[in-house]
Amino acid sequence: MVLDSHMHVGDFPYFNVAIDRDGLVSTMREHGVGTGMVFHPDNQLVRGIIAETPGLYGLVWVNPREPDAAATTAALLDEPGSRFRGVKLHPLLDGYHPDDPMVHPVIEVLRERELPALIHCGHPIFSLPWSIEELVRRYPDAHIILGHMGHGNIVYINASIDVAARNPRVYLETSGMPMHTKIREAVERVGPDRVLFGSDAPFHHLTVELAKVRVSGLPEGVLDGVLGENGRRLFFGEGMPDVVM
């Protein structure tokens, strides 16, 4: 089963990008993606969509600048039947340093629940891998995913792999990172269990993102882990997510 660790739903007018629930499900079916982790700054929009859609689970989009961000996050994660399985942090768009003290209460919420934070990684000034590592070093037992594993800059890509190699609970997510060779390098340096497939749909096309992983030269068993099993273990532990119908 393919599990996409990085998907969006809703409108993103700043980027002129949008996809609704039906469009996302159709895209997943077309490309053989069974389960997707989705998010949008409007958490109530996501909450409604994932509640009624098998195969879709949410990450709470947290802007730590907002009042009671940690309490709001905890409430969404803890409500009965919640399908939120972690948080999304976007220091670049929301404008904060990853290790700013206002972020720390959110990480405490995740540590208590053993859930991960997916953090946008790869752009100055607020989402560089070294900056995220400051947060990682403060909370070495937190599960932190470097979204895009450095994105399109080779300096940031190499640094993201270095950060994950130094910190055993850091994961690398593949979306938007253009070099298929770096996916194999990440697996070889960081380990086969800490690289996750993500597409960043609809910002990036699933056809391209899946092909990039599949041509990276990974052995079949390792490839299956990157495309699905690693994400399943991280987001669901011993549980099994449902899939799109």
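It should be noted that the structure appears before, not after, this text.
If you're wondering where the values come from, they're calculated on a predicted model, not measured in any experiment. (Residues numbered from 1 in each chain as written. Predicted model: local features only at pLDDT ≥ 70, side-chain atom pairs only at ≥ 80, totals over all residues. Heavy atoms only, no water.)

(A) Seen up close, the sheet that holds strand S6 (residues 84-89). Strand order in the open sheet made by the eight strands is S1-S4-S5-S6-S7-S8-S9-S10, with parallel pairing throughout. Among the strands making up the open sheet, the edge pair consists of strand S1 (2-8) and strand S10 (195-196). Bridge analysis of strand S5 (residues 56-62) against S6 gives four bridges, and the strand direction is parallel. Looking at S6, one finds that Val62 is bridged to Leu89. (Pairing = 2+ DSSP bridges. Helix = DSSP H or I, 4+ residues; strand = E, 2+ residues; numbered from the N terminus.)

(B) Here's a closer look at the side chain of Ser82. Note that Ser82 resides in the loop between helix H3 (69-78) and S6. A distance of 2.7 Å separates a polar atom in the side chain of Ser82 from the backbone oxygen of Leu76. A distance of 3.2 Å separates a polar atom in the side chain of Ser82 from the backbone nitrogen of Phe84. If sequence neighbours within four positions are ignored, Ser82 has contacts with Leu76 and Leu77. (Polar contact = N/O pair within 3.5 Å; in protein donor to acceptor, adjacent residues only side chain to side chain. Contact = heavy atoms within 4.5 Å.)

(C) Broad picture of the pairing of strand S8 (residues 144-147). Covered by surrounding structure in S8 are Ile144 and Leu146 together with Ile145 and Gly147, the residues of both alternating faces. Both strand S7 (residues 117-120) and S8 contribute to a ladder of four bridges, which runs parallel. From the neighbouring strand, Ile119 faces S8, where its bridge partner is Leu146. Each parallel crossover has a hand, and for S7 linked through helix H6 (residues 129-138) to S8 it is right-handed. Summarising the sheet, S8 and strand S9 (residues 170-173) pair through three bridges and their orientation is parallel. Note on S9: the bridge partner recorded for Leu146 is Leu172. With respect to chirality, the unit in which S8 leads through helix H7 (residues 154-166) into the neighbouring parallel S9 is right-handed. (Buried < 20%, exposed > 50% of the residue type's maximum accessible area, 1.4 Å probe, protein only. Right-handed = clockwise from strand over helix to strand, strands pointing away.)

(D) Fine view of the pairing of S9. Residue alternation in S9 divides its side chains into two sets, Val170 and Leu172 and Tyr171 and Glu173, and both sets are buried. Direction of pairing for S9 relative to S10: parallel, over a ladder of two bridges. Along S10, the bridge assignment pairs Glu173 with Leu196. Following the backbone out of S9, through helix H8 (residues 180-190) and into the adjacent parallel S10, one traces a crossover that is right-handed.

(E) Quick peek at a nonpolar patch on the surface. A surface patch of nonpolar side chains, about 330 Å² in accessible area, is lined by Trp130, Ile154, Val155 and Met179. Its place among the elements puts Ile154 in helix H7. Judged by its relative accessible area of 36%, Ile154 is partly exposed. (Patch = residues over 30% accessible without salt bridge, like charges linked within 9 Å, V, L, I, M, F, W, Y side chains within 5 Å. Areas by Shrake-Rupley, 256 points an atom, 1.4 Å probe, with all protein chains shown as cover. Salt bridge = Lys/Arg side-chain N within 4 Å of Asp/Glu carboxyl O.)

(F) Spatial organisation of the packing of H6 against H7. Contact geometry of H6 with H7 gives a least axis separation of 9 Å together with a crossing angle of 15 degrees. Of the possible angle classes, the one that applies to H6 and H7 is roughly parallel. The hand of the H6/H7 crossing is right-handed. Residues Pro129, Trp130, Glu133 and Arg137 of H6 pack against Val155, Tyr156, Ala159, Ser160, Val163 and Arg166 of H7. Its residues assigned to classes, the contact of H6 with H7 shows six nonpolar, one polar and three charged. (Axes fitted to C-alpha atoms, helices over the stretch in contact; angles between N-to-C directions. Parallel < 35°, antiparallel > 145°, perpendicular 65-115°, else oblique. Left-handed = near helix turned anticlockwise from the far one by under 90°. Nonpolar A, V, L, I, M, F, W, Y, C, P; charged D, E, K, R; others polar.)

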